[in-house]
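Chain by chain, the residues run as shown.
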Amino acid sequence: MAGLLEVKNLTTSFFTQNGEVKAVRDISFSLDQGEVLGIVGESGSGKSVTFLSILGLLADSGRVKGGQALFNGKDLIGAGKSELRKIRGNDISMIFQDPMSSLNPLKLIGAQVAESLEIHTNLGRAEIRRKAIMMLERVRIPEAAKRYNSYPHEFSGGMRQRVMIAMSLICNPSLVIADEPTTALDVTIQDQILKLLRELRRDMQSAIVFISHDLSVIAGMCQRVIVMYGGMIMEEASIEELFETPAHPYTMGLLRSIPVIDQDKDSMLEPIPGSPPDMLAPPAGCPFVVRCVHARSICRESVPPYNTVSETHRSRCWLWSSDAPVSGNIFKERGVARA
Amino acid sequence: MIWYIAKRIASMFATLFVVVLLTFLLMHSIPGGPFTAERRLPESVERALVKKYKLDAPLHVQFFDYVKGLLVFDLGPSFKYEGRSVNEFITEGFPLSSRLGLMSIVFTLFLALPLGSISAIKSGKWQDILIMFLATMGITIPSFVIATGLMYVFSFRLGWFPVFGVSSVKGYILPMIALSGYSLAFITRLMRSSLLEVMGQDYIRTARAKGLSETGIVLKHALRNALIPVVTILGPTLASLLTGSFVIEKIFALPGMGIHFVTSIANRDYTAIMGITIFYATILVAMVFIVDIFYVMIDPRIKLQ
Amino acid sequence: MEITAVPWDKIDIEKETMETIAGEQRSFAQDVWYRFKKRPSAVAGFCVVILLVLFAVFGPLLSRHTYFEQNLAFVNIPPFLKVWKIEGAGTPGSAYITQNLKLVEVSKDGRLVAPIPFVREDISKKRILFDYSGTVVAIDYSDRAQGLRLVGTDGSAFLTKKVWNGTYLLGTDSLGRDMLTRLMFGARISLTVAFIAAFINLIIGILYGGISGYLGGNVDNAMMRVVDVISTIPLTLYVILIMVILDSGFLSIIVALSSVYWVSMARVVRGQIMALKEQEFVLAARTIGTSPMGIVMRHLIPNSLGPIIVTATMLIPTAIFVESFMSFIGLGVSAPMASWGTMCNDALETMKSTPHQLFAPAFAICLTMFSFNFIGDGLRDALDPKLRK
Ligand SMILES: Nc1ncnc2c1ncn2[C@@H]1O[C@H](COP(=O)(O)OP(=O)(O)OP(=O)(O)O)[C@@H](O)[C@H]1O
Ligand code: SF4
Ligand SMILES: [Mg+2]
């Protein structure tokens, strides 16, 4: 499979009244055609900003300070505005978190779905309308032809998110970025939307980046997962590896905070104590250091490098360093125990 | 929609009724006022008044009589000038005032909407800073100061415009600018903040993510949404343009409603004050009503309520 | 990479966490003041208001003139004098030609000394003759293009010079009263009216809005309907009506302003109360059994202070504006008292010949309006909880 998107050392900051918010620091990953990649992390870990940077959709105060994002071999970070516009909505589309506010309240649903086609194709009006209605049908909007002329406020949250999905898929993009598409919805609606996404995925060729702060949602969708914290990638692994042999203390904390249905009631959820770092003045070393029960002196001093755990598995934790002592090291002791 | 209009009309009449009642009672409470016994008036005026207002009848009868008059647009005789009716004052003054008011609102909108939009789009740049500086001046400098300043510079010093009167179209220009000053500044600021707010909305980001150009975003997604708050204050703006005109008409010596109102005040011509106040109130309430209907038409979210 | 002596020592995270949490905390007031200070326009406005208040309070005490003292010899004198240097006389000096064609002796430092005695008018030569300590000088009005000239007996004009009026720094009005003193006195009136009216409006607004918002339900609906009806009509109209009834005067204008402008304040207060009402600390106070009034005074009002302070600040320029507006249409304080608005009104007729009489009070009004608006804007930004981290 050819690489579709390759992000190298992406670094993004916001320049605010209070100083520089270092939202994304030195992020690198790649994505293949048709692959579904999960991005997980607490609120504020830089998930959205990473992809907004790639698409050039940052707020005015945000600036990409360095790095590359090669899409089909072409760097999007350095690309001109009009070049980027041709790609947005056409080759890469995005589904946003809040369907309530992401649709223009004064424009017809249908017109909003059709808009991408108007921008990126030369199709006639009737054809565009036909395609938009077809797309609305595909995301299971009942009576799509009639609902074409509705306004967003006449739709429920779940329906609006379906519209957002229709909007993002209408140009057959090769990459869809779904930024927490279900977070703002009720649990039952969430399940319906996830089901719809899984169905659509089956008969689409698009690659999907699925952003969420919920590992269990990711588990149902993706093959590979990136765990983000404090604007950095902490761990990257296949979904099985991540659940079976998590290689980062933060991931282990996340896993402990997932409700597991078929366990006895005693195993309470354990949220990770403490709060995420202040991105105005992030810790000099590992961003997780103030909350990590395994932290060592070195973690405070310098950022851990990517350490390879297996061919498809890397972790940014000092405990994986070759210098790290084995005794009292959860990861190395686990390896010893297994051997 | 029909229900909504009916409801609004009903509340419009209720408001007007309250206004009429209030004005009537206020006028009644004036010592030496039109409806109290101890008056010293020319015989003929006195007779006209007594006849008109049935001054010997009890209060509520007088009031309903007055209201009855209002329903057929009869505001009664002047309290000061023999043989003149308040209706006459209005028919004499209102055409000029309304012309000035309409010119001002058109002038205001033609300038304020583009200026506010430019200011928002160029937020933080010199264009924005300049426009906002001017807008702050427009908001803070009272209209009579603007009017006298304009008159001093353009009429006395430069001689470009006539000092008084509206014998030519030129005569309207300075009064129009002076009258518009505040609304112009206010709507410019409102348009700016409204457009800025809209441009920060999630749906604008959605439009960007579709690959729409910045111009396309402003034109197709932002402007209409940003106009909604502007529309809501158009009613009050018309109001301020009409009432603000007292001072402007006085300075430029324009024979409009404002002048009649101010003279009536100076003359203590109570029936005229009362009649003109009610007339103003009616116009304003009607304006607000029209604007409200218009507002419902441009914002689809309201229809369902 | 340099690594400290024992890089693999475990860290006690409990302690670390404690340290990061115990950061420096600024109080709300400090925070507001800090952000307010960052806006130069707001600080400038604040300083100007302080100066204006000092000007209004102490100015009249320091002045040589009073606001009502008339000097009919020196009417309509501008702040800048065009003086004619009389030479060849026994005592050389300068003179100023007034608008009503009188001659006034002016000392070197620009002070008005005394009128120069009139001798006669020479209609044929178009001259008015005066006796300046024995020498005859004449105002020559023969040449329209050149305007008035002061000429000696030989008919040649004296030299002229511009000096600042040393007696009346801002000139005099049409009754020969000192403009500067009247301006300071006007500042007293205008500011007093504005502060008192804003204060009364604040109180009424807080009470009305507070009660309406706190009680909620039908009472709230009814009370807000009243506010709606009142604010349908431009408030200036009510003020005019009330002024007509009360007759113009200092107290009437305060009553008129105070009885109308509380509606915006009431709305703001009510909105704040509604938003805060459902928050936990109110529930907490209720469960402890604090009385409703106690909740409003001790919890709700302090917590909704921000927008209320801003609205109150903005009430002051509104009051100043409406006061000057009323005075301008003849409904202001009565003579000989002066507010800035009445001064503008008095000066309007003679704007062409004596613009200084109009510009001084107009400038004062604008300056005050600017200052209060800047303060209001500064406070709004400084108090905005959205910006607060
Ligand atoms: N416009 C902005 N201005 C300043 N800081 C911003 C802005 N947008 C994001 N940030 C900061 O960037 C950091 C990362 O934000 P981001 O939105 O990427 O988080 P996220 O991982 O997507 O979280 P969530 O789950 O809440 O969506 C946060 O610390 C946030 O405060
Ligand atoms: S590098 Fe150190 S602080 Fe960071 S996760 Fe690993 S052990 Fe914890
Ligand atoms: Mg996000």
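Above: the structure in question.
Residues numbered from 1 in each chain as written. Chains lettered and ligands numbered in written order. Predicted model: local features only at pLDDT ≥ 70, side-chain atom pairs only at ≥ 80, totals over all residues. Heavy atoms only, no water.

Engineer: Could you give me a rundown of the overall build of chain B, with the residues and numbers involved?
Structural biologist: Secondary structure assignment for chain B yields 12 helices and 0 strands. Its helices and strands taken in sequence order, chain B reads α-α-α-α-α-α-α-α-α-α-α-α from the N to the C terminus. Expressed as a percentage of the 305 residues in chain B, the buried residues total 53%. Nonlocal contacts in chain B, meaning residues at least 24 apart in sequence, comprise 69% of its contacts between residues at least 6 apart. Counting only carbon and sulfur atoms, one obtains 70% of the accessible surface of chain B, whose full area is about 13,700 Å². (Helix = DSSP H or I, 4+ residues; strand = E, 2+ residues; numbered from the N terminus. Buried < 20%, exposed > 50% of the residue type's maximum accessible area, 1.4 Å probe, protein only. Contact = heavy atoms within 4.5 Å. Areas by Shrake-Rupley, 256 points an atom, 1.4 Å probe, with all protein chains shown as cover.)

Engineer: Lay out the pattern of salt bridges with the relevant residues and their values.
Structural biologist: Between side chains of opposite charge, a pair can form as their charged atoms come close. Residues and elements named next belong to chain A. Per the stated rule, a full pass over the model turns up 17 salt bridges over all chains. The shortest N-O distance in the salt bridge between K65 and E20 comes to 2.7 Å. Within this pair, whereas K65 is found in strand 4 (residues 62-71), its partner E20 is found in strand 2 (residues 19-32), the two being separated by 45 residues in sequence. The shortest N-O distance in the salt bridge between E180 and K47 comes to 3.8 Å. Placement of the pair is E180 in the loop between strand 7 (175-179) and helix 7 (187-202) and K47 in helix 1 (residues 47-55), with a sequence separation of 133 residues. A residue is classified by how much of its surface remains accessible, and E180, at 6% relative accessible area, is buried. (Salt bridge = Lys/Arg side-chain N within 4 Å of Asp/Glu carboxyl O.)

Engineer: Describe in detail helix 5 (residues 126-140) of chain B, supporting the description with residues and values.
Structural biologist: Every α-helix winds through 3.6 residues per turn, so residues three or four apart in the chain are directed the same way. End to end, helix 5 of chain B covers 21 Å across 15 residues, agreeing with the expected 21 Å (1.5 Å per residue, within 8%). Inspection of helix 5 of chain B places Q127, D128, I131, M132, A135, T136, G138, I139 and T140 of chain B among the buried residues, and these make up the whole buried set. Contacts made by the buried residues of helix 5 of chain B are with helix 4 (86-121) and helix 7 (170-199) of chain B together with helix 13 (355-383) of chain C. (Expected span 1.5 Å × (residues − 1).)

Engineer: So, the environment of K22 of chain A: which residues are in play, and what are the values?
Structural biologist: Residue and element names in this part refer to chain A. Along the polypeptide, K22 turns up in strand 2. You can call K22 partly exposed: its relative accessible area is 29%. As a C-alpha pair, K22 and S327 span 305 residues in sequence and 35 Å in three-dimensional space. Discounting chain neighbours no more than four positions away, the residues touching K22 are T12, S13, M279, L280 and P282.

Engineer: Which residues make up the sheet that holds strand 9 (residues 159-164) of chain C, and what values go with them?
Structural biologist: The strands that make up a sheet are held in pairs by hydrogen bonds between backbone atoms, and each pair lies either parallel or antiparallel. Residue and element names in this part refer to chain C. With respect to topology, 5 strands assemble into an open sheet ordered 4-3-2-1-9, the strand pairing being antiparallel. Bordering the open sheet on either side are strand 4 (112-115) and strand 9, each of which pairs with just one other strand. Between one strand axis and the next, the sheet turns through 40 degrees on average, direction left out of account. With 4 bridges joining them, strand 1 (residues 80-86) and strand 2 (residues 93-97) adopt antiparallel strand pairing. Residue pairing across strands places I86 opposite G93, the latter belonging to strand 2. (Pairing = 2+ DSSP bridges. Axes fitted to C-alpha atoms, helices over the stretch in contact; angles between N-to-C directions.)

Engineer: Explain the interface of chain A and chain B residue by residue, including any values.
Structural biologist: At the interface, 26 residues of chain A touch 21 residues of chain B. Both faces combined, the contact of chain A with chain B buries some 2,200 Å², and carbon together with sulfur accounts for 59% of it. Summed over the shared surface of chain A and chain B, the number is 1 salt bridge. Close ionic contact of E115 of chain A with K210 of chain B constitutes a salt bridge, the shortest N to O distance being 2.8 Å. Taken together, the links from chain A to chain B amount to 13 residue pairs in polar contact (both at pLDDT 80 or more). If you tally residues by element for the side of chain A that touches chain B, the top one is helix 3 (residues 109-120) of chain A, at 5 residues. (Buried area = accessible area lost by both parts, 1.4 Å probe. Polar contact = N/O pair within 3.5 Å; in protein donor to acceptor, adjacent residues only side chain to side chain.)

Engineer: Before we move on, can you summarise the site of ligand 2 with the specific residues and values?
Structural biologist: Inspection of the region around ligand 2 gives 13 residues, with C286, C292, C299, C317 and W318 of chain A positioned closest. Its residues placed into classes, the shell around ligand 2 shows 11 nonpolar, 2 polar and no charged. (Near = heavy atom within 4 Å. Nonpolar A, V, L, I, M, F, W, Y, C, P; charged D, E, K, R; others polar.)

Engineer: Summarise the sheet that holds strand 8 (residues 149-151) of chain C; cite the residues concerned and give the values.
Structural biologist: Residue and element names in this part refer to chain C. Taking strand neighbours across the sheet as the criterion, the 4 strands line up as 5-6-7-8 in an open arrangement whose pairing is antiparallel. The open sheet has two free edges, formed respectively by strand 5 (118-122) and strand 8, since each of these has just one partner strand. Direction aside, neighbouring strands of the sheet carry axes that sit 25 degrees apart on average. Pairing of strand 7 (residues 135-140) with strand 8, which is carried by 3 bridges, proceeds in the antiparallel orientation. Its bridge partner lying in strand 8, A138 is registered against V151.

Engineer: Tell me about the interface of chain B and chain C, and please be specific about residues and values.
Structural biologist: Counting residues at the interface gives 40 residues for chain B and 35 residues for chain C. Regarding the contact of chain B and chain C, the summed buried area is about 3,400 Å², with carbon and sulfur atoms giving 84% of it. Per-residue buried area on chain B facing chain C is highest for T140, F144 and Y152 of chain B; these three make up 18% of the total on that side. Counting across the interface, chain B meets chain C through 0 salt bridges. Remark: the boundary between chain B and chain C carries 1 residue pair in polar contact (both at pLDDT 80 or more). For the side of chain B that touches chain C, the per-class residue count stands at 27 nonpolar, 10 polar and 3 charged.

Engineer: Describe the site of ligand 1, with residues and values.
Structural biologist: All names here are of chain A. Around ligand 1 lies a shell of 18 residues, among which S43, G44, S48, V49 and E180 are the nearest. Measuring from an oxygen atom of ligand 1, one finds a side-chain N or O atom of S43 at 2.4 Å. A distance of 3.1 Å is found between an oxygen atom of ligand 1 and a backbone nitrogen or oxygen belonging to G46. If ligand 1 stood free it would expose 630 Å²; the protein chains cover 70% of that surface. Broken down by secondary-structure element, the contributors of at least two residues to the shell around ligand 1 are strand 1 (3-16), strand 2 and helix 1.

Engineer: Got a sec to walk through helix 9 (residues 214-232) of chain B? Specific residues and values, please.
Structural biologist: Residue and element names in this part refer to chain B. Over its 19 residues, helix 9 runs 26 Å from end to end, which matches the ideal 27 Å to within 8%, given 1.5 Å per residue. Roughly 50 degrees is the biggest bend found in helix 9, and it falls at A222. Looking at helix 9, one finds that the buried residues are G216, I217, V218, H221, A222, N225, A226, I228, V230 and V231. (Bend = angle between axes of the 7 residues up to and from the residue.)

Engineer: Hey, could you go over the nonpolar core for me, with residue numbers and the actual values?
Structural biologist: One finds I251, F252 and F261 of chain B together with I240 and M326 of chain C to be the most contacted residues of the largest nonpolar core, which totals 157 residues. When residues of this core are assigned to their parent elements, the largest contribution, 14 residues, is made by helix 4 (residues 179-215) of chain C. Within the second largest apolar cluster, 104 residues are counted, among which are L58, I211, M232 and I239 of chain A. (Core = buried A, V, L, I, M, F, W, Y, C linked by side-chain atoms within 4.5 Å.)

Engineer: Can you lay out unusual backbone geometry for me, pointing to particular residues and giving the numbers?
Structural biologist: Residue and element names in this part refer to chain A. For N9, which is not a glycine, the phi torsion comes out positive at approximately 50 degrees. Tracing the backbone through its elements, the reader meets N9 in strand 1. Its relative accessible area of 43% is what places N9 among the partly exposed residues. Non-glycine residue R140 carries a positive phi angle of around 60 degrees. Relative to the helices and strands, R140 is located in the loop between helix 4 (125-138) and helix 5 (144-147).

Engineer: Could you give an account of the side chain of S116 of chain A, with specific residues and numbers?
Structural biologist: With respect to the helices, strands and loops of the structure, S116 of chain A is situated in helix 3. S116 of chain A gets classed as buried once you look at its relative accessible area, which sits at 1%. If we ignore the near neighbours within four places in the chain, the residues touching S116 of chain A are G89, M167, I170 and C171 of chain A together with K210 of chain B.

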